[in-house]
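Chain by chain, the residues:
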2 protein chains.
Amino acid sequence: MIDRYAVMLCGGSGTRLWPLSRALRPKQLLALNGKQTLLQQTALRLARHVPAKHLVTVTHDDHKFEVKGQLAEVLPEAVNGVMAEPYARNTLPAIAWAVSRIHLQSPNAVVGVFPSDHSIDNEDAFHRAWLAAEKGADLGYLTLLGVSPTEPATGYGYIQPADARIGQENGHAIYEVARFVEKPDRADAEAFLTQGYLWNSGMFVFRADVFMQLLTEHQPEIAESINKLDSSNIPEEYSKLPNISMDYGLAEKARQVAVVPVDMAWSDLGSWDSIYQRNDKNRDNNVCQGDVLALDTQDSLLWNTHGLLATLGVSNLAIIQTADATLICDRGRTEDIKQLVTLVQEQKPELAELHRTVQRPWGHYAVLEEGVNFKIKRISVNPGASLSMQMHHHRSEHWVVVSGVARITNGDQEITLKENESTYIPKTHRHRLSNPGDVPLHIIEVQCGEYVGEDDIVRFEDKYGRN
Amino acid sequence: MIDRYAVMLCGGSGTRLWPLSRALRPKQLLALNGKQTLLQQTALRLARHVPAKHLVTVTHDDHKFEVKGQLAEVLPEAVNGVMAEPYARNTLPAIAWAVSRIHLQSPNAVVGVFPSDHSIDNEDAFHRAWLAAEKGADLGYLTLLGVSPTEPATGYGYIQPADARIGQENGHAIYEVARFVEKPDRADAEAFLTQGYLWNSGMFVFRADVFMQLLTEHQPEIAESINKLDSSNIPEEYSKLPNISMDYGLAEKARQVAVVPVDMAWSDLGSWDSIYQRNDKNRDNNVCQGDVLALDTQDSLLWNTHGLLATLGVSNLAIIQTADATLICDRGRTEDIKQLVTLVQEQKPELAELHRTVQRPWGHYAVLEEGVNFKIKRISVNPGASLSMQMHHHRSEHWVVVSGVARITNGDQEITLKENESTYIPKTHRHRLSNPGDVPLHIIEVQCGEYVGEDDIVRFEDKYGRN
């Protein structure tokens, strides 16, 4: 009986799908193909194969609360398996950390590692290939899933399988890997299409003990650091880990590496054009999301989350409108968005990093307006949640409850406010906002003061460990 | 010595420049060619020729305060000359009303009538032509300015001059009009270009007494109604006036109609493409306004008033982004926007009518957010200005002063609030907000209630006569 685990990788920052994805709101946290978020889809797909409590999710501290929140909605048993990296260190340290924990519990466990920002439309094919890869793992191989290419893509790494198969399972052949190829140029990509090369999906299956041996052999320093990690020293030890990928650091160095070819309608949804390809089209061959009025418009992606988007006499565009930024891009150029995002990072860094609506462990807030000496926020607090006990040196806050019930600590006082009631928090007062009710609490906060930056906050006590 | 008057027409609603223009924010109130608003430019241009107190502006009640505000900024002496129609009735009733007033004061006055939503880059040519047209007026003619066509436009009416000239002045010939031609098809427009036809600019010069005679002769009912109008019966009498244009109602019927051809770099700025043509281009041949990041983008109009607008790999587009609606249009299709606006009017009527920021006689407000049972507004009150004494049946209001000083009547109480102070107006309380200070007052208003529509307002007293 195989003891199965799955590691779901949820790192990475989102530049390729700007302005919908932002550094602090990467692709896997978004719903992009008409279903749940990619993270939620991935978790549910993996939980068809491993027990939910054997699903380990590695993410960055910045996304921890959101990742847990999204898992809680679809697979609550997986919430405890979330591990948060204090620093982003590419895939190998993340995988090593997760596998070392699994190895402690179950040295013979068979572990699958999966990115959380891809879509797979043929789940049955995926599961059959995973089973076949487990056969490779059983033979001691690091076994990859290799996606059969459908176009000469230059944005992926490729795997060349060797001629001889090392096994067969479930109708899937298992090949040794002849070589890994970095992102090719167009000519090579076209040649690969007819030569049996496979896209490197970033999905691996292996035995935990095999992985730990390989790590010790090829990356002894990482192995040492990972073995030293405990709850007391995570930030310090993690900061010393190198920035290195699983492919480069281990797969290309190991002797026993195998690949299972699979055709499973896979997409990395890595560009607005691939989002267009993966969604249902209307009769004008447009993909429309949100409030859109399209007249004489064809072959376009019209994705709107704010206000109205109206088009006339255009075609082949990707248009993405959010509350604070809009992109209009030729659909054939969506791979080049990196250049544009670099400009945004230089000129409007806040638009590359954050959305107007910011997720927090207790709920979310949106800045509605900001001016000299004031800022207005809509704050939504989840039932039972509580902001930290805090204080501001430079601003006072006016709170108006628009729905729900608020429990408020304001200096020495404790009060309860309901809809259409308000209170005032003078600067330097210790205060805390909680939602004791069963429905979300919505308040409008008007901040006044000589400085209204987010960093004017002293946290005294926080149920999410942020003080 | 000629007693000169000018009538500036400021009616019309703005659909052709949606989403920047709206029904309640027409083109003439906007700055579209890198200078003041079109209304302000027109007023200044006319005031080079007539005394500012001889400038009569006819507008609709809806725009009265904004028109006065814009005139106050550039030509304060013209503010008293604003006449507000209670109903929009096309150009003839508006002109007749204004001319009848001028005629009472000065029967021999020479009156020029001018739309306020055009741009004229060669002002000297305009003034010379006006002088020539006054010569035609002196001979008893309704005299038009006819713009020499620069392209086979199908969006304008045309004037065919007769062969014989009736006079000459300032280097300008004055011709009798052979015929008026409605908007032609493309073939006719191309033929007109080589046959000496002129664009009908809607600019007329005539003697006040001649106009009144013509009106009595050809539109006796309008003449009668206009002569009956006094301050006591304007809404009632105005409602009876027919919807009829100066061209159709008078110019095409009169025997003595003349035209002065003029080449003055005129544009009606009637489409986004014409706005593109009239503005300075950057090295990529783009016109950019507001926060714009354009990469590999050419020959486009990028007009942004909200957030960031980013483009990649596109060309020949007109993109107009506002706080609540964005238009992306092929630059060759901007004449067809009417169809689109019709759809907007059907599906999102508020986006066809209003901007998020709404002008009021006392200042302006913007709706920052609206939800079930609440609405948040930023309210700006001009120094010395005052909202009406009012009451709401269905909503309470929380006011937070973010800058300036507020004088507030709240039921029986009168209070003064300054920055970072707040108050609460319970529903059914009579209340009034004033700015007794010398700087603008900014408050944030949070409305709570079972209904937060603008029409829940009972006005008791209003210094702008709105109760």
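Now for a look at the structure at hand.

Overview of the nonpolar core
In globular proteins that are soluble, nonpolar side chains generally tend to be buried together. Core analysis: the biggest nonpolar cluster contains 224 residues, and Val-7, Val-111 and Ile-319 of chain A together with Val-7, Val-111 and Ile-319 of chain B have the highest contact counts within it. Setting aside residues up to four positions removed in sequence, Val-7 of chain B forms contacts with Val-56, Val-58, Ile-95, Ala-98, Val-99, Val-111 and Val-113 of chain B.

Overview of the interface of chain B and chain A
Contact residues are listed per partner, giving 48 residues for chain B and 48 residues for chain A. As defined by bridge partners, strand S15 (residues 308–312) of chain A adjoins strand S17 (residues 325–330) of chain B across five bridges and the pair is classed as parallel. Across the sheet, residue Thr-311 of chain A finds its bridge partner in S17 of chain B, namely Ile-328 of chain B.

Overview of helix H6 (residues 208–218) of chain B
Along H6 of chain B, the residues classified as buried are Ala-208, Val-210, Phe-211, Met-212, Leu-214 and Leu-215 of chain B. Residues of H6 of chain B that are buried sit in contact with helix H3 (91–105), strand S4 (110–115), strand S9 (198–207), helix H7 (220–228) and helix H9 (246–251) of chain B.

As for the relation of the copies chain B and chain A
When chain B is fitted to chain A, the best match, at an RMSD of 0.2 Å, comes from turning it 180° and sliding it 0.0 Å along the axis. A rotation of that kind, with that shift, is consistent with a two-fold axis. Of every C-alpha in chain B, the one belonging to Leu-368 of chain B sits nearest the axis of rotation, 3.1 Å from it. Taken as a fraction of all interface residues of chain B, those also at the interface in chain A reach 100%, which identifies the copy contact as same-surface.

Some words on helix H4 (residues 123–138) of chain A
Here H4 of chain A contains 16 residues, and its C-alpha end-to-end distance of 23 Å stays within 8% of the 22 Å for a straight helix at 1.5 Å per residue. In the segment just after H4 of chain A, Gly-140 of chain A is the residue with positive phi, at about 95°.

So, the environment of Tyr-424 of chain B
Within the secondary structure layout, Tyr-424 of chain B lies in strand S25 (residues 422–425). Residues Tyr-424 of chain B and Asn-410 of chain B, spaced 14 residues apart in sequence, show a C-alpha to C-alpha distance of 8.4 Å. Look past the residues within four positions of Tyr-424 of chain B in its chain and what remains in contact with it is Ser-422 of chain A together with Ser-396 and His-398 of chain B.

Some remarks on the sheet that holds strand S12 (residues 287–289) of chain B
Across the sheet, six strands lie side by side as S13(A)-S15(A)-S17(B)-S16(B)-S14(B)-S12(B); this open sheet has mixed pairing. In the strand order of this sheet, the two ends are held by strand S13 (292–295) of chain A together with S12 of chain B, each with one partner. With strand direction ignored, the average angle separating the axes of adjacent strands in the sheet is 5°. As judged from the four bridges shared by strand S14 (residues 301–304) of chain B and strand S16 (residues 317–321) of chain B, these two strands associate in the parallel manner. For Trp-303 of chain B, the partnering residue across the bridge sits in S16 of chain B and is Ile-320 of chain B. Seen against the sheet, helix H11 (residues 337–347) of chain B touches S13 and S15 of chain A together with S17 of chain B and runs at an angle of roughly 150° to S13 of chain A.

What counts as what
- Residues numbered from 1 in each chain as written.
- Chains lettered and ligands numbered in written order.
- Predicted model: local features only at pLDDT ≥ 70, side-chain atom pairs only at ≥ 80, totals over all residues.
- Core = buried A, V, L, I, M, F, W, Y, C linked by C-beta atoms within 7 Å.
- Buried ≥ 20, exposed ≤ 12 C-beta atoms within 10 Å, placed from the backbone.
- Contact = placed C-beta atoms within 7 Å.
- Pairing = 2+ DSSP bridges.
- Helix = DSSP H or I, 4+ residues; strand = E, 2+ residues; numbered from the N terminus.
- Least-squares fit on C-alpha atoms with pLDDT ≥ 70 in both.
- Expected span 1.5 Å × (residues − 1).
- Axes fitted to C-alpha atoms, helices over the stretch in contact; angles between N-to-C directions.

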